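The chain contents come next:
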Amino acid sequence: MRVVVATGNAGKVREIAEALPGLSWQLEGLGGLPLPEETGTTYEENAALKACAAAMARGLPALADDSGLEVAALGGQPGVYSARFGGRDSDLERNLYLLERLRGAADRRAKFVSVVMLAYPDGHLETYRGEMTGTLLEGPRGENGFGYDPLFVPDGETRTLAEMTVAEKRALSHRGRALTALMEAHRDGPPARDLTPVE
Ligand code: IMP
C-alpha cells in the first residue's frame, strides 16, 4: 500500500519510516503539498487536519502525527502548542525559554504525547496514541534528535533522548509507541478500520 507521510519535519519522517519495518508500505513524502495550519486545540484535531488534507489531495492513505511536551510544573503547557512555545522560532530558543520558565522549579516531571492518525481518501480515520514520562534537566545534553530531546530524560534512563540513537529513542518514545500500535493493527493484512466518519 502506498502511504503519504503528512509532515514537513524531517526528524519525524525518519522516525516514522524506521518505526514501521514490519509493514510493506511504500512511504511517500508530501511532494511539495502544503499542510493546513494547525488550528486544533487537541493532538487529535491537528493530526486529523494534516492526515485528511494529504489523503484527499493525493488520493492515497496518509499518516500524520501531532505531538507535544506536557510539563507538570506548567500545568501541562506547552502541550499542543509545543512547536510554537513562547513564540520562539527555533528548537534552541524554545529549549532556553523552557529552562527559563522552569528556573528554580523542584518538580521537573514532564511527558511527551504523540497521536498518530491514518486517514483514507474515503474519509475513514484510525487513531493511535503513545506517551513517555520523564524529567527535564537544568541544561541540554546530547546532539541527536530534535525539539526538546536534549532536556528530556525518560523514566528509568540516565541519558537524554538526544544522547540516544534513533533506535533507542524509538523503543521508548511516545511516537514509537503510537507507531508500534499502528503496525500491530496492520500486521496481518489489509488495513483494520475503525469506521469513524470525518466531520
Ligand atoms: P508538531 O507535532 O509538529 O505540532 O510539533 C510538536 C513539537 O513538540 C515539536 O516541534 C517539538 O518541539 C516537540 N516534540 C514532539 N515530539 C518530540 C520528540 O520526540 N522530541 C523532542 N521534541 C518533540
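By the naming in an unreviewed UniProt entry, the protein is dITP/XTP pyrophosphatase, taken from Deinococcus carri. Taken from UniProt, the Subunit (unreviewed entry) comment for the protein reads in full: "Homodimer."

Before going further, it helps to spend a moment on the overall build of the protein. Scanning the protein for helices and strands turns up five helices and seven strands. Helices and strands appear in the protein in the N-to-C order β-α-β-α-β-β-α-β-β-β-α-α. The C-alpha atoms of the protein give a radius of gyration of 17 Å, which matches the 16 Å a tight globule of 199 residues would have. On the principal axes, the C-alpha backbone points of the protein span a range of 50 × 30 × 30 Å.

As annotated in UniProt, the feature "binding site: Mg(2+)" (unreviewed entry) corresponds to Glu37 and Asp66 in the numbering used here. The named residues occupy 30 residues along the chain; their greatest pairwise C-alpha distance, 12.3 Å, places them in one compact cluster. Position of Glu37 among the secondary structure elements: in the loop between strand 2 (26-28) and helix 2 (43-58). Under the C-beta neighbour-count criterion, Glu37 is labelled exposed, with 8 such atoms within 10 Å. Tracing the backbone shows Asp66 in strand 3 (residues 62-71). When near neighbours in sequence (up to four residues on either side) are disregarded, Asp66 contacts Tyr43, Asn46, Ala47 and Val115.

Definitions and cut-offs
Residues numbered from 1 in each chain as written. Predicted model: local features only at pLDDT ≥ 70, side-chain atom pairs only at ≥ 80, totals over all residues. UniProt positions renumbered as here; feature names shortened; annotations may be inferred. Helix = DSSP H or I, 4+ residues; strand = E, 2+ residues; numbered from the N terminus. Rg over C-alpha atoms; globule rule 2.2 N^0.38 Å. Buried ≥ 20, exposed ≤ 12 C-beta atoms within 10 Å, placed from the backbone. Contact = placed C-beta atoms within 7 Å.

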